[in-house]
Each structure stands twice: as structure tokens, then as C-alpha cells.
Amino acid sequence: MKKDPFFHCYEEMKMCGRYYIDSDMADEIQQVVREVDQRIRKAQFTGDIHPTESAPVIEKSENGLKLHMCKWGYPLSRGKNLVINARAESVMDKASFRNGILYHRVLIPASGFYEWNRLKEKNTFTRPDARVLYMAGFCDWFENERRFVILTTKANASMEKVHERMPLILEKEQIVDWFQNEKMEKLLQYTPIMLKREAEYEQQSLFL
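About the cut-offs
Residue positions are given per chain, counted from 1 along the sequence in the order it is written. Only residues with pLDDT of 70 or above have their local features reported here, since the model is predicted, and side-chain atom pairs are shown and tallied only from 80 upward, although totals for entire chains, interfaces and linings are computed over all residues. Hydrogens and water molecules were not included; the side-chain quantities draw on all heavy atoms of the structure. We call a set of buried Ala, Val, Leu, Ile, Met, Phe, Trp, Tyr and Cys residues a nonpolar core when their side-chain atoms join them within 4.5 Å. Only protein chains enter the area calculation, which uses a 1.4 Å probe; residues under 20% of their type maximum are buried, those over 50% are exposed, and those in between are partly exposed. Secondary structure elements follow DSSP: runs of H or I no shorter than four residues count as helices, runs of E no shorter than two count as strands, and numbering proceeds from the N terminus. Contacts are assigned to residue pairs that have any heavy atoms within 4.5 Å of one another. For salt bridges, the criterion is a side-chain nitrogen of Lys or Arg within 4 Å of an Asp or Glu carboxyl oxygen. By this definition, two strands are paired if DSSP reports at least two bridges between them.

Participant: I'd like a description of the nonpolar core, backed by residues and values.
Facilitator: Membership of the largest hydrophobic core comes to 56 residues, with the highest contact counts inside it found for Tyr19, Ile58, Phe148, Leu151, Trp178 and Leu188. Counting residues per element, this core draws most heavily on strand E10 (residues 133-142), at 7 residues. If we skip the residues at most four places from it in the chain, Trp178 touches Ile101, Arg105, Val106, Leu107, Ala136, Gly137, Leu151, Leu170, Met184, Leu187 and Leu188.

Participant: I'd like a description of the pattern of salt bridges, backed by residues and values.
Facilitator: All chains considered together, the criterion is met by 8 salt bridges. The shortest N-O distance in the salt bridge between Asp48 and Arg18 comes to 3.6 Å. With a gap of 30 residues between them, Asp48 in strand E3 (residues 47-49) and Arg18 in the loop between helix H1 (5-13) and strand E1 (19-21) connect regions that are remote in the sequence. Residue Asp48 is classed as partly exposed on the basis of its relative accessible area of 30%. Residue Arg18 is classed as buried on the basis of its relative accessible area of 10%. With a shortest N-O distance of 3.0 Å, Arg127 and Glu171 are connected by a salt bridge. Pair noted here: Arg127 is in the loop between strand E9 (122-126) and E10 and Glu171 is in the loop between strand E13 (169-170) and helix H5 (175-178), with a separation of 44 residues, a long-range link. It is possible to trace a salt-bridge network through shared partners that takes in Lys71, Glu145 and Arg147.

Participant: Tell me about the environment of Leu187, and name the residues and values.
Facilitator: With respect to the helices and strands, the residue Leu187 is situated in helix H6 (residues 181-187). Note on Leu187: relative accessible area 8%, which makes it buried. Between the alpha carbons of Leu187 and Ala136 there is a distance of 9.3 Å; along the sequence they are 51 residues apart. Each residue touching Leu187, except ones within four places of it in the same chain, is listed here: Leu168, Leu170, Gln174, Asp177 and Trp178.

Participant: Go over the pairing of strand E7 (residues 105-110), please, and point to the residues and values.
Facilitator: On a regular strand, each side chain points to the face opposite its neighbour's, so the side chains alternate between the two faces of the sheet. Most of E7 sits inside the fold, with 6 of its 6 residues counted as buried. Pairing between strand E4 (residues 54-61) and E7: 2 bridges, direction antiparallel. Within E7, the position partnered with Glu59 by the bridge is Val106. The sheet contact formed by E7 and E10 spans 6 bridges and is antiparallel. Among the inter-strand pairings, Ile108 is bridged to a residue of E10, identified as Met135.

Structure, rendered in C-alpha cells:
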């Protein structure tokens, strides 16, 4: 049987990244941002997002919050895997991340994300109460191209049986706070909401 390249990613990186966007997100995102990059309007982004691909991110602009395009993954080491995640607990101490977390914070909107357990079984995580997950992250410039990473934190009870880490997911009411320097560090310690897990091998949705 041919090996899924994302299982290979899981083995090498210990935490594989893939999330998805669907059309149901559009209405809520339009309520949050004041401006949308025309490339996003034309492309009507939906489907799975993988590392190295461009995806919509929410950033702060002079006119308010804007939905802009950015590519996923920091190319910090030539010839090695992209850095797609950063630990919220230590991000302020990492020289490679400091400029991004201090000056170029973003939120990555998603309908849900996937994670594989140690048996390589796929799990899908979504919010039980909303259409959009706002994952905290930041971006920076690499060779005239903007790249972003997603912040992770310790898994809460809804995810810890699958993986010890999870994205740092903020509430809609915390969006503005994320872009305020004096409130950002406190949000790095935030424990995300309990998520809904759907596992293909269990053929049912579970609230853990």
C-alpha cells in the first residue's frame, strides 16, 4: 500500500499540519474584517490547506482588520522541513520568531483541522458552537515572500487522547486583543475551547 506523504510528515515532525476551509465561513469572516484581498474573492478558497500553500490570514492594517494571503511555513533551514508551528509557551524566547510575534501577528481562520494519532488514524476537530476556528499565529518575510506559522499550546481534554498539542484557538471576542501588544502575552497562555472530534475509524462524532 502506498504511504500517505502526510503520515511521513507526522513521523518526521511529530505534529503534522493540515486544516480546511469551507464556504460556510464566508459570512462570519465578512463580519470580522473590513477589507478582503481581491485574490481571495476571485479564488473563493475552499478545501484542505497544506504546508507550503497560500491561505487567507487576518491581519491588522491601518484601516482595521484585513483578510490577506500568506504562505504556510517558515523556511528556516535549507533542505530541511518547513517550520509550520511554534510553541506559545516559548515563542517569545526564540530569535527566529521574535520579529513575527511582536510585529506581524495574524489569525488563521479555519473550518476545522486534522490530526493523526500514533496509530496514524485521522481525526477531524471543529467547534461545536461556531463555523470558524481562529488560530493564532504570526508571519514574517522570507526572500520577498510572506510566510506564517500557527501557534500551538498544550492540548485540552478534547484533544489530549489524540495529541499532546493543539492550535492556540482564540474566541471571536479576543480577535482585537490579539493585535494589542499589552494583551498578546496573556493570550499566549489561553486554554482553547473544548472541540468536537470526529474520527473516521469510530464512524461517529464524540465530545470528549
